[in-house]
Amino acid sequence: IAGGAFGYCSSLTSVTIPNSVTSIGNNAFSLCSGLTSVTIPNSVTSIGYGAFCMCNALSSINIPNSVTSIVDYAFNGCIGLTSVTIGNSVTSIGMKAFVGCTGLTSITCEATTPPTLDGGVFSNVNKSIPLYVPAQSVDLYKAADQWKEFTNIQAIPGTEDPCSSIVLTA
């Protein structure tokens, strides 16, 4: 999808991207103020600079496991975004990618190794919201730059080690 392809399309409400698409260009959907839902297929490996910037009505987004990085300002100012799921292949998130996403109530990051974060990725995001990560990685996130600012880091439900809670008694 070319850069700026759907920018400023305020009447656009939902987008389903076909499996033939491998990249979403810079500012491809920026300022689509009516956009409430986006389905990104596993064929997409890159999401461009400011791709969904200022999409104020967008409420949730799942970043597929094919995506390895989220670039600068990708979801900047998406105040309607309440939840985000970052796929397990993401290794880096660009500068201010989620800046101003003040409506976020939870973040799930499926990557076992905390993705590297550029400056201010989660600026103006409430750091007391749940940050769900793989159970074996909770301590890694608690020690990682910027991730450690979240005060409610929890295991993704269902990823806990069932053997960790076994108590043997005589």
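Residues numbered from 1 in each chain as written. Predicted model: local features only at pLDDT ≥ 70, side-chain atom pairs only at ≥ 80, totals over all residues. Heavy atoms only, no water.

Peer 1: Explain the overall build of the chain to me, please; I cannot follow it from the model alone.
Peer 2: A tally of helices and strands in the chain yields one helix and 12 strands. Taken from N to C terminus, the helices and strands of the chain fall in the order β-β-β-β-β-β-β-β-β-β-β-α-β. Its C-alpha atoms put the chain at 65 × 35 × 25 Å along the principal axes. With 170 residues in all, the chain has 45% of them scored as buried. Considering only contacts within the chain whose residues lie at least 6 apart along the sequence, 35% involve residues at least 24 apart. Surface exposure of the chain reaches about 7,900 Å², of which carbon and sulfur atoms provide 52%. (Helix = DSSP H or I, 4+ residues; strand = E, 2+ residues; numbered from the N terminus. Buried < 20%, exposed > 50% of the residue type's maximum accessible area, 1.4 Å probe, protein only. Contact = heavy atoms within 4.5 Å. Areas by Shrake-Rupley, 256 points an atom, 1.4 Å probe, with all protein chains shown as cover.)

Peer 1: Which parts of the structure should I look at to understand the environment of Thr116?
Peer 2: Turning to its location among the elements, Thr116 is positioned in strand E10 (residues 116-117). Dropping the residues within four chain positions of it, Thr116 is found in contact with Thr91, Ser92 and Ile93.

Peer 1: Looking at this model, I keep getting lost on the nonpolar core. Mind explaining?
Peer 2: One broad trend across soluble globular proteins is that nonpolar side chains are buried collectively. Ranked by internal contacts, the top residues of the largest apolar core, which has 49 residues, are Ile24, Phe52, Ile70, Ile86, Ile93, Phe98 and Trp147. Among the elements of the structure, strand E5 (60-63), strand E7 (83-86), strand E9 (106-109), strand E11 (131-133), helix H1 (138-143) and strand E12 (153-155) are those that each provide at least two residues to this core. Discounting chain neighbours no more than four positions away, the residues touching Trp147 are Ile86, Ile93, Cys109, Pro114, Pro115, Leu117, Phe122, Leu131, Tyr141 and Ile153. (Core = buried A, V, L, I, M, F, W, Y, C linked by side-chain atoms within 4.5 Å.)

Peer 1: Help me out: how do you make sense of the pairing of E7 in this one?
Peer 2: In summary, the side chains of a regular strand alternate between the two faces of the sheet. Inspection of the sheet shows E5 paired to E7 by four bridges, in the parallel sense. When the bridges of E7 are listed, Ile61 appears paired with Val84. Both E7 and E9 contribute to a ladder of four bridges, which runs parallel. Each residue of the ladder has a partner; that of Ser83, found in E9, is Ser106. (Pairing = 2+ DSSP bridges.)

Peer 1: Please clarify how the side chain of Thr108 should be interpreted in this entry.
Peer 2: You can see Thr108 is positioned in strand E9. Each residue touching Thr108, except ones within four places of it in the same chain, is listed here: Val84, Thr85, Ile86, Tyr132 and Ile156.

Peer 1: When you look at the sheet that holds E10 in this model, what are you seeing that I'm missing?
Peer 2: Within a beta sheet, neighbouring strands are joined by backbone hydrogen bonds and run either parallel or antiparallel to one another. The strand order across the open sheet built from five strands is E2-E4-E6-E8-E10, with neighbouring strands paired in parallel fashion. A strand with exactly one partner marks an edge of an open sheet, and here the two such strands are strand E2 (23-24) and E10. Strand direction decides the pairing type here: strand E4 (residues 46-47) and strand E6 (residues 69-70), joined by two bridges, are parallel. From the neighbouring strand, Ser46 faces E6, where its bridge partner is Ser69.

Peer 1: Would you mind showing me how to read the sheet that holds E7 here?
Peer 2: Taken in spatial order, the five strands make up an open sheet running E5-E7-E9-E11-E12, and their pairing is parallel. Two strands bound the open sheet, and with one partner strand each, they are E5 and E12. Taken over all neighbouring pairs, the strand axes of this sheet differ in orientation by 15 degrees on average, direction set aside. Across three bridges, E11 lies against E12 in parallel orientation. Its bridge partner being in E12, Tyr132 is matched across the sheet by Gln154. (Axes fitted to C-alpha atoms, helices over the stretch in contact; angles between N-to-C directions.)

Peer 1: What is the right way to look at the pairing of E9 in this model?
Peer 2: Where burial is concerned, the two faces of E9 agree: the one with Ser106 and Thr108 and the one with Ile107 and Cys109 are both buried. Sheet topology places E9 next to E11; two bridges connect them, and they run parallel. Each bridged residue has a counterpart across the sheet, and for Ile107 the counterpart in E11 is Leu131.

Peer 1: Got a minute to help me understand unusual backbone geometry in this structure?
Peer 2: Look at Tyr8: it is not a glycine, yet its phi comes out positive at around 70 degrees. Of note in this structure, Tyr73 is not a glycine but carries a positive phi near 60 degrees. Within the secondary structure layout, Tyr73 lies in the loop between E6 and E7. Exposure remark for Tyr73: the relative accessible area of 22% places this residue in the partly exposed category.

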